[in-house]
Amino acid sequence: MPGKGRITSIKFGILSPDEIRKMSVTAIITNEVYDNDGMPIDGGPMDRRLGAIEPREVCPVCGNTRDSCPGHFGHIELAKPVIHVSFAKHIHMYLRTTCRVCGRLKISEEERKKYMELLKNLDELGLKYLKKRVHEYIRRKAAAQTKCPHCGAKQYKIRLEKPYTFYEEREEGVRRLNPAEVRKRLEKIPNEDVRLLGGDPNEARPEWMVLTVLPVPPRAVRPSILLETGIRSEDDLTHKLVDIIRSNNRLRELLDTGAPNAIIEEEWNLLQYHVTTYFDNQAPGIAVAKHRSGKVLKGITQRLKGKEGRFRGNLSGKRVDFSARTVISPDPNLSINEVGVPIDIARILTVPERVTPWNVDELRRLVINGPEKWPGANYVIKPDGRKINLKYVDRKALAETLAPGYIVERHLKDGDIVLFNRQPSLHRISIMAHVVRVLPYKTFRLNLLVCPPYNADFDGDEMNLHVPQGEEARAEARLLMLVEKHILTPRYGGPIIGGLQDYISGAFLLTNKSTLLTREDVIELLGVAGYEGEFPEPAILKPGSYWTGKQLISLFLPKDFNYKRLAKIGSAAALRCIDEDCPHDSLVVVKKGEFLIGVLDKASIGHEAPESLIHWLVKEYGEDTARLFMDYVYKMFLRFSEKYGFTMGYTHLLLPRKAREKVKEIILEKKNEVYELIEKYKRGELEPRPGRTLEETLEDEIIDLLSKKLLDAVAEAITPYFNLTNPVIIMARTGARGNPVNLTQMAAILGQQTIRGKRISRGYHNRTLPHFKPGDLGPEARGFIAHGFVEGLNPIEMFFHAAAGREGLTDTAVRTSQSGYMQRRLINALQDLRVEYDGTVRLPTGEIVQFRYGEDGVDPMKSDHGEAVKIDRVIEKVIGWRI
Amino acid sequence: MPQKTHHINILEHELVPKHEKLTPQEAVQLLKQLGIKPAQLPWITIDDPVVKALKAKPGDIIRIIRKSPTAGESIAYRYVVVDTLQPKKRGV
């Protein structure tokens, strides 16, 4: 419904010389900017008629001061036409497709008629895309013509040399077309033919792409700045305009005095250069214009383009009020829904609260407290819309006058809802709503469990906080964006919020078979979990009362909850349980809310662990239940970890002498195999693998020997010395941190270091370091590290390790920038898609993209790893207590 | 070079999902159901081998029935259009 003040469409065109003159208030004729008194010279680039910009200055054109003067354009009459760089490509297209003599489209009369008819039909059908393709087709066809079908004139190839020079390739030689000639040709193109080529002769005649008049933007577009020294510094555009005017005047003079052609040509080129760099100072193929200081000037294009340009920087991206940013730090005592806000920030951020009979007393108190004392208020808005700053008024008196209809901008306080965000905001869970907890100190505090969705850690990360100001915005935030609503990720429906690191090792230790708790332990643990209910019966009575960790977990599970799953520690073959009767305790079974056997680890309570205990809790009992479980039970895990004194040190990685010798033996054996290979290669007995050279084959075999095979053999040799009583193993096996490879690397051997998947071979000529003989192919000379971190590396090994480590670092740096850009393009391409009520995916214009969202119409967030229904779980849920 | 001696019907190839031309009645019904104009359907060029094999003409609508790992079977439609970007023997 196009109504008043409603934009239905926008059309872009090119200014014609007439239009430029018509909208101009004055011709700019002199390159002198100010006179000796520092006043702007009339007819100069800072002519006063171009708009008022100084305080209290009155515009001589519109009579407004600088606040309401819109600014006015001037113009420069160019002595000779000049190509507009931004249109060079279009000009090239017109020149190629039309006759150089008669200016008509190089397509025969009948065909022209046919295309015109076709375009008219497409227009009626509203098929914009097809129209574009027809234009493209016509262009290609016309450009291929070597003889004009209308006048029969021979046509030559026209070459565009970037950025703005055109050449005609005749038989007798290549000839340059100057802008005047170009313009003459463009003028001859009939309107009808412009339309056939996809142009609009009313809004953009081709010859307007060659400038004869240059518009001079208002002063407000290019304000000069007054430096502290009192010296005026002009804007880059003004500088460029001065250059243009100077060159233009010189050119006109040369023309008037009838100077030789070569000199005119030279000045003309200079004018072209200045006009080009005025528009775009990064046009390919020309030198960038610089200040005297060597600083690169900013052209009009540079103002608009790129991340900090007008569009991305100022229009799509704006700065906002009611936001805060500071370093984040962890606080496991907060709920996952909460965020700790420093009191200093809470005193600055405000929420507008409307005065009602029910809150007037409270708000009076806040007004009296004022901006300094928390909880207070910073502003009061009167019913007439006036805003009163509480810093400068008698707050007691104002508080008295407070009545319904007033709005108090009060400090942020506990229970307020805010949006919390960490960049890069790659998915929707990078911004979630949190409930405020005002805390001392200067960092934002957040529960550790919400680190994964933000991808946050505490090595100096900063996060942003925004305070919604409207009732509707707050309601939406609370209902749609609250952290607990995002425990499941929209990526695949698994929990992205869940236990990590300490939580997991703590859960394992607590639920471990060998853990027996005394009465005091139980009281302490249930205390931190905020348990209110009957004290559980001890599991063991003789020789004393003892409780198991599993019992404590059971207290918090819903009474009809069934769950059966192999624990993470069961993923290692040695600890796998096939059925419930198993000594490893690696099968987790919960029947009717009773935690019977198994241990909790990453597979049950971890983040990004689909089909886990918390996953089913969220799905079957709601986000709220799951959140409470995370807020309370997870705290027990941490507390138990602390009580237990879970720690890891150097000694946990030490191997007995026998094992060390065994490892050395294995290493020596593999090394000898490598030497044998090298010998074989030197004797020429090595058979090349298919598709590889002899050298490549040798490298492949050596890498094969030294990395995979060696590490496997070493890992096999040392595993007997590590078991689940070792904290390092607990962490690795439960999924808390690290993996068995890390363990081997620490305890025994780092192995072969690689760069780009190859052994290290760069450095000096034919050798990696001066410590080796040239051509040495042995393991040590090519980055093999025969020691683990416990033993320590020798200097050469340390160097190789650093080299390989550096590669990983640069790789991640490169990857993040690349995937960031990919993400940007992807989001830009997909942002307007939407799933309609009929399940189709469409563009805003109604074009269909998918006939059913994702072919199956399933919302991944509500699915089980993409599956709409996981039938096994449904069975388990209902009769799981019986099987 | 040995010349092509026999034609195979690509519609019967196992990697080609089932394509069929809608009858005018079906087409009208589909458009009504989706509440759109034909041009708002995804397009398929007349030069597409499948369109050639079906002997469909510009303006026809083609139904594609695919096997889908998630949905079992998924149905899509294509609107046959002339691709103007590829110059052919007899103009457009």
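Residues numbered from 1 in each chain as written. Chains lettered and ligands numbered in written order. Predicted model: local features only at pLDDT ≥ 70, side-chain atom pairs only at ≥ 80, totals over all residues. Heavy atoms only, no water.

Caption draft 1: Structural view of the overall build of chain B. Check the secondary structure of chain B and you find 2 helices and 4 strands. The linear arrangement of helices and strands in chain B, starting from the amino end, is β-α-β-α-β-β. Burial status across chain B gives 37% buried among its 92 residues. Across chain B, contacts joining residues at least 24 apart in sequence account for 54% of those joining residues at least 6 apart. Carbon together with sulfur atoms contributes 56% to the accessible area of chain B, which is approximately 6400 Å² in total. (Helix = DSSP H or I, 4+ residues; strand = E, 2+ residues; numbered from the N terminus. Buried < 20%, exposed > 50% of the residue type's maximum accessible area, 1.4 Å probe, protein only. Contact = heavy atoms within 4.5 Å. Areas by Shrake-Rupley, 256 points an atom, 1.4 Å probe, with all protein chains shown as cover.)

Caption draft 2: Here's a closer look at the sheet that holds strand β1 (residues 24-27) of chain A. Residue and element names in this part refer to chain A. The sheet built from 3 strands is open, its strands ordered β1-β2-β6 with mixed pairing. What marks the edges here is a single partner per strand, and that holds for β1 and β6 (210-216). When the angles between neighbouring strand axes are averaged without regard to direction, this sheet yields 40°. Bridge count between strand β2 (residues 73-83) and β6: 6 bridges; the pairing is antiparallel. What sits directly across from I83, in β6, is V210. Across the sheet, helix α5 (residues 179-187) touches β2 and β6, and the angle it forms with β2 is around 100°. Against the sheet, helix α8 (residues 261-279) contacts β2 and β6, and its axis sits at roughly 130° relative to β2. (Pairing = 2+ DSSP bridges. Axes fitted to C-alpha atoms, helices over the stretch in contact; angles between N-to-C directions.)

Caption draft 3: Here's a closer look at the sheet that holds strand β3 (residues 61-68) of chain B. Residues and elements named next belong to chain B. Spatially, 4 strands are ordered β1-β3-β4-β2 in an open sheet, and the strand pairing comes out mixed. Looking at which strands have only one partner, the edges of the open sheet turn out to be β1 (18-21) and β2 (43-45). If you compare each strand with its neighbour and ignore which way they point, the axes differ by 35° on average. Pairing of β2 with strand β4 (residues 72-81), which is carried by 3 bridges, proceeds in the parallel orientation.

Caption draft 4: Spotlight on a nonpolar patch on the surface. Residues A:V869, A:I871, A:V874, A:I875 and A:V878 make up a contiguous nonpolar surface patch of roughly 450 Å² in combined accessible area. A relative accessible area of 55% places A:I871 in the exposed class. (Patch = residues over 30% accessible without salt bridge, like charges linked within 9 Å, V, L, I, M, F, W, Y side chains within 5 Å. Salt bridge = Lys/Arg side-chain N within 4 Å of Asp/Glu carboxyl O.)

Caption draft 5: The arrangement of the packing of helix α7 (residues 236-256) of chain A against α8(A) in detail. All names here are of chain A. Contact geometry for α7 and α8: axes closest at 9 Å, N-to-C directions at 160°. Between α7 and α8, the interaxial angle falls into the category roughly antiparallel. Between α7 and α8 the crossing geometry is left-handed. Residue-level inspection shows L237, K240, L241, D243, I244, S247, N248, R250, L251, L254 and L255 of α7 in contact with α8, the latter providing I263, I264, E267, W268, L270, L271, Y273, H274, V275, T277 and Y278. (Parallel < 35°, antiparallel > 145°, perpendicular 65-115°, else oblique. Left-handed = near helix turned anticlockwise from the far one by under 90°.)

Caption draft 6: Here's a closer look at the interface of chain B and chain A. Taken residue by residue, the interface counts 23 residues in chain B and 21 residues in chain A. Carbon and sulfur atoms supply 62% of the area buried between chain B and chain A, which totals about 1900 Å² over both sides. Within the residue set of the side of chain B that touches chain A, elements represented by two or more residues are β3 and β4 of chain B. Among the elements that take part in the side of chain B that touches chain A, β4(B) stands out by supplying 4 residues, more than any other. Among the residues making up the side of chain B that touches chain A, the classes are represented as 14 nonpolar, 6 polar and 3 charged. (Buried area = accessible area lost by both parts, 1.4 Å probe. Nonpolar A, V, L, I, M, F, W, Y, C, P; charged D, E, K, R; others polar.)

Caption draft 7: Structural detail: the pairing of strand β5 (residues 173-177) of chain A. All names here are of chain A. Here 5 bridges tie strand β4 (residues 165-170) to β5, and the two strands are oriented antiparallel to one another. Paired with E168 across the bridge in β5 is R175. The loop that links β4 with its antiparallel partner β5 comprises 2 residues.

Caption draft 8: Focus on the packing of aromatic side chains. Residues and elements named next belong to chain A. Under the definition given, this model contains 15 aromatic pairs over all chains. Ring geometry for Y115 and Y137: centres 6.2 Å apart, planes at 75°, overall edge-to-face. One end of the pair, Y115, is in helix α3 (residues 109-125); the other, Y137, is in helix α4 (residues 128-144), with 22 residues separating them in the sequence. Ring centres of Y503 and Y634 lie 5.8 Å apart, and the angle between their planes is 45°; this geometry places the pair in the tilted category. One end of the pair, Y503, is in helix α16 (residues 502-511); the other, Y634, is in helix α20 (residues 613-644), with 131 residues separating them in the sequence. Summarising the burial analysis for this pair, Y503 and Y634 share the class buried. Pairwise contacts between aromatic rings join Y503, F629, Y634 and F637 into one cluster. In this structure, K80 packs its charged tip against the face of W268, placed 4.8 Å from the ring centre. A cation sits over an aromatic face here: K387 above Y379, 4.9 Å from the ring centre. (Phe/Tyr/Trp six-rings, centres within 6.5 Å; stacked < 30°, edge-to-face > 60°. Lys NZ or Arg CZ within 6 Å of the ring centre and 35° of its normal.)

Caption draft 9: Examining the state of the cysteines more closely. Residues and elements named next belong to chain A. Under the criterion given, the structure shown has 0 disulfides over all chains. Here C102 stays unpaired: no disulfide links it, and the sulfur of C99, its closest cysteine neighbor, is 3.6 Å away. Given the relative accessible area of 23%, C102 is considered partly exposed. The thiol sulfur of C148 is not disulfide-bonded, and the nearest other cysteine sulfur, from C99, lies at 3.6 Å. For C148, a relative accessible area of 2% gives the class buried. (Disulfide = S-S within 2.5 Å.)

Caption draft 10: Region of interest: α3(A). Residues and elements named next belong to chain A. Look at α3: 25 Å from first C-alpha to last across 17 residues, which is about the 24 Å you get at 1.5 Å a residue. Looking only at α3, the buried set comprises R112, Y115, L119 and L122. Each buried residue of α3 lies within a common arc of 90° when the element is viewed along its axis, so the set occupies one face. Opposite its buried face, α3 presents the exposed residues E110, K113, E124 and L125, each directed more than 90 degrees away. Where α3 is buried, its residues meet α4 and α6 (191-196). Phi for G126, located one or two positions after α3, is positive at around 70°. (Expected span 1.5 Å × (residues − 1). Arc of directions from axis to C-beta.)

Caption draft 11: Summary view of the pattern of salt bridges. Residue and element names in this part refer to chain A. Enumeration according to the criterion identifies 72 salt bridges over all chains in this entry. The partner of D864 in a salt bridge is K619, and the shortest N-O contact between them spans 2.9 Å. Here the residue D864 occupies a position in the loop between β30 (848-850) and α26 (871-879), and K619 occupies one in helix α20, the gap between them amounting to 245 residues. A salt bridge links K862 to D859, with the shortest nitrogen-to-oxygen separation between them at 3.7 Å.

Caption draft 12: Broad picture of the pairing of strand β16 (residues 431-439) of chain A. Residues and elements named next belong to chain A. Counted residue by residue, β16 has 7 buried out of 9 residues, so it is predominantly covered. Of the strand pairs in this sheet, strand β10 (residues 338-342) and β16 are connected by 5 bridges, and their pairing is parallel. Each bridged residue has a counterpart across the sheet, and for V341 the counterpart in β16 is V438. Alignment of strand β15 (residues 417-421) against β16, held across 5 bridges, turns out to be antiparallel. Bridging across to β16, V418 finds its partner in H434.

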